[in-house]
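Analysis of the macromolecular model
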Amino acid sequence: MKSTIKINNIEYDFEMGETILEVARRNGVYIPTLCNLQETKPTGACRICIVELGKMSAPVASCSTPAAPGMEVLTDSPRIIKARKTVIELLMISGNHNCAAIGNAKTELTDFMQEVKEYDSSTDICTAYGECELQSLAYKYMVNNRSLERIPTNYQLENNDPLIGRDFSRCILCGRCVQACTEVSVNNAISHGYRGNIAKIVVRGDKTLPDSECVYCGECLQVCPVGALYEQRSKYDQRKWQVSHVESTCYYCGIGCKLDISLKDNRIIRINGSGKGEPNRGQLCFKGRFAFDFIYSSERLKYPMVRSGGKLIKSTWENAYKKIAEKIESYSNKYGKDSIGCVISAKHSNEDIYSLKKFVENISVTDNIAHSEPFSRFNINYSDIYEYEKIVIVETDISRENPVAANYIKRAYLNGSELIVIGESEIELSKFAGKKLKKLSDFKPDNNSKYLVIHAPGYDVSSLKGKKHIYLNSISRENNTIGAYMLGIGNEKYEEIKKKKLMISTSPSFKPGKSVEFLVAMDFFPGEQTEKADVILPAAAWVEYEGTYVNAHHQLYKTNKIVDPPGSVKPLWMIVSELSAKMGIGSEILSVRELWNEEIRNKFNLPENFLYEELHKGMALLGEEISNKMTAGNGKIDNESSKIHKIFCSFCDGLADVAEKRVKTGV
Amino acid sequence: MEQKENEVISAEDIQVLDSIYNENREYDSIMIYLQKIQSALGYVPEYAIKYLASKTKASESHMFGVITFYSQFSTKPVGKNIIKICNGTACHVGGSKVLGKKLKAMLNVDDENPTTEDRLFTVQPVACLGCCALAPAMMVNDKVYGTLTVEKMKDIIETYKKGSENGDF
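Only a predicted model underlies this, so the values are computations on that prediction, with no experimental measurement involved.

**A few points about the overall build of chain B**
What chain B contains, in helices and strands, is seven helices and four strands. Reading chain B from its N end, one meets helices and strands in the order α-α-α-α-β-α-α-β-β-β-α. Taking the principal axes of its C-alpha atoms as reference, chain B extends roughly 50 × 35 × 25 Å. Residues classed as buried in chain B amount to 28% of the 169 residues present. Taking the contacts inside chain B whose residues are at least 6 apart along the sequence as the reference set, 60% of them involve residues at least 24 apart.

**Points about the overall build of chain A**
Per the secondary structure count, chain A includes 19 helices and 27 strands. Computed over the C-alpha atoms, the radius of gyration of chain A is 28 Å, within 12% of the 26 Å expected from 2.2 N^0.38 for a compact globule of 667 residues. For chain A, the spread of C-alpha atoms along the three principal axes comes to 95 × 65 × 50 Å. Considering chain A as a whole, with its 667 residues, one finds that 49% of them fall into the buried category. Considering only contacts in chain A between residues 6 or more positions apart, those separated by 24 or more positions represent 66%.

**With respect to the sheet that holds strand S11 (residues 258-264) of chain A**
Residue and element names in this part refer to chain A. The antiparallel open sheet is built from three strands, whose spatial order is S10-S11-S12. Two strands lie at the open edges of the sheet, namely strand S10 (244-249) and strand S12 (267-273), each paired on one side alone. Taking each pair of neighbouring strands and ignoring which way they run, the sheet shows an average axis angle of 30°. Across six bridges, the pairing between S10 and S11 is antiparallel. Its bridge partner lying in S11, Thr-249 is registered against Lys-258.

**Some remarks on the confidence of the model for chain B**
Residues and elements named next belong to chain B. In the predicted model, chain B carries a mean pLDDT of 87, and 92% of its residues have values of at least 70. Averaged pLDDT values for the elements of chain B fall to 81 in helix H7 (residues 150-166) and rise to 95 in helix H4 (residues 60-69). Below pLDDT 50 for its whole length, residues 1-5 participates in five contacts with residues either more than four positions away or in separate chains. Predicted confidence for residues 165-169 stays below pLDDT 50, and this span has five contacts to residues more than four positions away or in other chains. The ipTM for the predicted assembly is 0.83, set against a pTM of 0.86.

**Comments concerning the interface of chain A and chain B**
Each partner contributes residues to the interface: chain A has 15 residues there, and chain B has ten residues. Top element by residues in the side of chain A that touches chain B is strand S7 (residues 191-193) of chain A. It accounts for three residues. The class makeup of the residues in the side of chain A that touches chain B is five nonpolar, six polar and four charged.

**A look at the nonpolar core**
Ranked by size, the top nonpolar core spans 194 residues in total, and within it Cys177(A), Ile190(A), Cys220(A), Ile391(A), Ile393(A), Ala405(A) and Ile409(A) carry the most contacts. Beyond its immediate chain neighbours, meaning those up to four positions away, Ile391(A) contacts Ile385(A), Ile409(A), Ala412(A), Ser417(A), Leu419(A) and Leu452(A). Ranked by size, the runner-up nonpolar core spans 15 residues in total, among them Ile85(B), Val123(B), Ala135(B) and Leu148(B).

**Quick word on the pairing of strand S13 (residues 305-308) of chain A**
Regular strands have side chains that alternate between both faces of the sheet. All names here are of chain A. Pairing geometry for S13 and strand S14 (residues 311-314), over four bridges, is antiparallel. When the bridges of S14 are listed, Ser-308 appears paired with Lys-311. Where S13 hands over to S14, the hairpin turn is made up of two residues, of which Gly-309 adopts a positive phi near 60°.

**Remarks on the pairing of strand S1 (residues 2-7) of chain A**
Residues and elements named next belong to chain A. Bridge count for S1 against strand S2 (residues 10-15) is six bridges, and the pairing is antiparallel. Across the sheet, Ser-3 pairs through a bridge with Phe-14, a residue of S2. The antiparallel pairing of S1 with S2 creates a hairpin that spans two residues between the two strands, and Asn-8 there sits at a positive phi of about 45°.

**Concerning the confidence of the model for chain A**
Considering every residue of chain A, the mean pLDDT works out to 86; 91% of them sit at 70 or more. Every residue in residues 623-667 of chain A is under pLDDT 50, and counting partners more than four places away or in other chains gives 72 contacts.

**Quick look at the packing of helix H1 (residues 11-23) of chain B against helix H2 (residues 30-41) of chain B**
All names here are of chain B. The contact between H1 and H2 brings their axes to 10 Å, and the two run at 140°. On the basis of the axis angle, H1 is oblique to H2. Seen along the crossing, H1 lies across H2 with a hand that is right-handed. Within the contact between the two elements, H1 uses Val-16, Ile-20 and Tyr-21 and H2 uses Tyr-33, Lys-36, Ile-37 and Ala-40. The residue makeup of the contact of H1 with H2, split by class, is six nonpolar, no polar and one charged.

**Re H4(B)**
With eight of ten residues buried, H4(B) is to be regarded as a mostly interior element. Among the residues making up H4(B), those that are buried are Glu60(B), Ser61(B), His62(B), Met63(B), Phe64(B), Gly65(B), Ile67(B) and Thr68(B). The inward-facing, buried residues of H4(B) abut S7 and strand S8 (200-202) of chain A together with H2 and helix H3 (46-55) of chain B.

**A short note on the environment of Asp18(B)**
On the secondary structure map, Asp18(B) appears in helix H1. Through-space distance from the C-alpha of Asp18(B) to that of Lys55(B) is 9.8 Å; in sequence the pair is 37 residues apart.

**What to know about unusual backbone geometry**
Pro136(B) follows Ala135(B) through a cis peptide bond whose omega is -10°. Topologically, Pro136(B) is positioned in the loop between strand S2 (121-126) and strand S3 (138-140). One non-glycine residue, Leu173(A), lies in the positive phi region at around 55°. As for its placement among the helices and strands, Leu173(A) is situated in the loop between strand S6 (164-166) and helix H5 (176-184). Not every positive phi belongs to a glycine, and Asn188(A) is a case in point at roughly 50°. Within the secondary structure layout, Asn188(A) lies in the loop between H5 and S7.

The rules behind these values
Residues numbered from 1 in each chain as written. Chains lettered and ligands numbered in written order. Predicted model: local features only at pLDDT ≥ 70, side-chain atom pairs only at ≥ 80, totals over all residues. Helix = DSSP H or I, 4+ residues; strand = E, 2+ residues; numbered from the N terminus. Buried ≥ 20, exposed ≤ 12 C-beta atoms within 10 Å, placed from the backbone. Contact = placed C-beta atoms within 7 Å. Rg over C-alpha atoms; globule rule 2.2 N^0.38 Å. Pairing = 2+ DSSP bridges. Axes fitted to C-alpha atoms, helices over the stretch in contact; angles between N-to-C directions. pLDDT = per-residue confidence, 0-100. Nonpolar A, V, L, I, M, F, W, Y, C, P; charged D, E, K, R; others polar. Core = buried A, V, L, I, M, F, W, Y, C linked by C-beta atoms within 7 Å. Parallel < 35°, antiparallel > 145°, perpendicular 65-115°, else oblique. Left-handed = near helix turned anticlockwise from the far one by under 90°.

Written out as C-alpha cells, the structure reads:
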C-alpha cells in the first residue's frame, strides 16, 4: 500500500513499514545519523537523527519511527538543530575527542591534550581524525559550546591485542559494533554492559578481546564511527589525507569479496570490505581483512635460486631458465614427454593458469597438469540464502573455509531459517543448528520445505539429486578453482601427476614424493616444496600484478596491481612466457591484457566486445551455459579428491592460521 | 573475594544448574535462569554463564551484559545477609550518607568489594525502600530497620553476627 508523507513540506510516497529515515534517504533528504547501520535493526541510540513531527510533539528518532500517512516531518527546524547541537555537544564532552573541532568544554586545547596523553600515552590527535563521523557532525553543526564539564572515562585503554585496540575514552556507545557483531557477522562476542555513566561495550566476563569469543572478523572496526576501535598496525598511520584507496578483490576463498585497500607510501596499511552489493555487502573475514602483511615479510623469496652441489644458490633468471630448459629437454629425451608433470594451486589468475597449461601442453602431454580442488558451484545470490526455510550444511566448516558465507547463513538463522548441520565434527555453525546429524544418510528431508544444501566441494551428495525442493550448492575453497576448471584443468589426475619425474609446481601444499627427481617450484615463500626444489622461481603475490579470476558464483572479476613486487619477483604468467620464449615454444607475451584479449577471452567463449578494458566495470556473471560447457567432463563430482582436500592445507590458509594463533596466544 | 581464573566445576555444581535449567525451561527466558541461579548460588559465576550459553541461544557476552545491567545480579559471591541502605530523599536528609559510610567502615567493606571477608554481609545502596516515614532506613534481608543511628546499626549487625553463629535470626 502506498501512502504519502510530507518531509520539509514536500510530499513523498512511501511503503507501509518504511521508517522516516528510509523515506528521506531514498529521496535524497539528508538526516544525520551515527548509530544507524545498514542491514541491521534500528536502535535509536544516538538521537542525532531526531526530526520534528509538529510543534506539539517531542522530537522523534527518524531511524526507528515508521512513516505514517499524513505525517508532516521537519528535518531541520530551529528546534531540531538546537537539540542536535546539544546531542553532539554531550557526545563530545563524554570523551577524549581532541580533534580540535572544538576546545573541550572549559579546558584549553593544550591542557586537554595533556589530559588525553595521560590516557592513551600519545601526544597525537585521535586516530580517527578526518574520518570520524562525530567530528564531521561537530563541524557541520558548529558545536563550540564551552559550558559543560568533561565527563571522566571509567575504563582504561585496551591495548593488549595485536590487531584491534579499544579506546573507551572515545567510545560514544552508539552500539554499531555490537550490531555488527551480533547482526552482521553473528559472532556474538561483544555486548552492551553495565548501565548509566559506567556503561561500556563488554566481552564476556568484562575481559579483553583476546580472552573473548572474538574471531577477529574486524567488522566492528569497520563500522565504528569514531576512534574507539582502531587497527593497531595502522593506529596513527591512516590519516585521511595521506591514504589512497584502491578497489580490488580478495583472493583467499571462492567468494571473492570486494576490498577497499588503503595505501600509504605505496604500502598496504589496511583492508576494509567494500561495496553494498554481492557478494560480500561490505563484510570481510579475518583472512581478508588482516592477513595481508605477509607480502612484506622479509622471508619472501626475492630472487631465483638454483641447486648446485646440494645447496640452493642465488641465481639469475637467465640461468634458472637455462637450467630448466636443459632438464626438460633431457627428461623428455630420456623418459619421454610423459615424465613431466605440473601441479598448480587454484589461487592463480586465469592468465597464470592458462600460460602454464599452454606451456605444459608444449613440453609434456596435454593433460599432465592438475590442481587438487574439487569442482563446485554456488548457484544463488548470497543474500538469497535468507529465503530458504531450511539450510543444510554437509561436511564443511564453512565459517573457516568461507567465513562471509557463514555470516549469511547465521543471519538466515536469525531471520527464522532452520539450520541442519551434517558431519562428524563440531563446527562453529553447530551452535546455531536446530538439528545435528552424523551422516548424510541420516538426513530425511520432507517434501513441504525448501532446502538449501551447502556441501563441501566434491562431497558425494548424489542421494539428494533430482529433488525439486532441494537446492544443491557448494562454495569453492580457492579463489580461482572455477577458472582453472574453465580453462580445462581438473583434479582427477592430481595424484598421478604428482609422481612424475620432473615436476613443475606452483602449489605451496605440494609435498614432493621420492619419485620426483627434479622439481621446479614457483612460490612466494620458502616452504616444504621449495626446500626440496632444484630451481626456485619467486612469484608475485596477488596484489602485485593484475589478473582475472572466476569466483564460486561463476562470476568473472579482475584484480588490480596495487603494489610493486619485491626484488626481481615476477608474476607467474610472465615467468612462464619468458621461459617459453627462451625454449623457443612461443613468443614472449607482454601483458595480461594481451593474454586476455587474444586468447583467454575466446577460451571462455565470451563475446568479441568483452575486452580486457571492459573488465574493470565489475563482475560479470558467466552464463550457466558457458560455464557448464567449459567445465563439461571436469565438472563431475569426485569423491577421491575430496579426501585429498582434507589433507590439503593451502599455504594462505596456513598463514591465516599462524596469524590467528599469534593473535590468540599473543606470541 | 576474586573468582579463580579457571574455576573447577564439580558434578554438584552441574547438577544445580541442570535442575534450574530443566525446571524453568518452559519460560525459555534468560532472566528467569539468571534469577534462579542468583538466588541459588548467591551470585552468577562464570561457569554458570558458560553453561547457559551452551544450553540456550544466548551468547556469553550478551548474558554478561544483562547481569551487569541489573543490580539484582552479581558476578561476585555475595554475603549471607544483604544489607540495603536507603539513599532516597527522606533518608538522605536524615543523614543516610554518613550512616552508609559508618556502616561500611564498621564492616570493613567499600563500593568495590561490598562483601565482608567472612561472607556474612553484603552492603548495597538502593534508591528507595519505600518507607520514608522511618527515615533513615535500611533493610537486612527482608526486614526493615528505621530511624537508624550509628548505635542502632551496631546492635543490628551484632544480632545478625550472633544469629548467624546460632544459625537462627
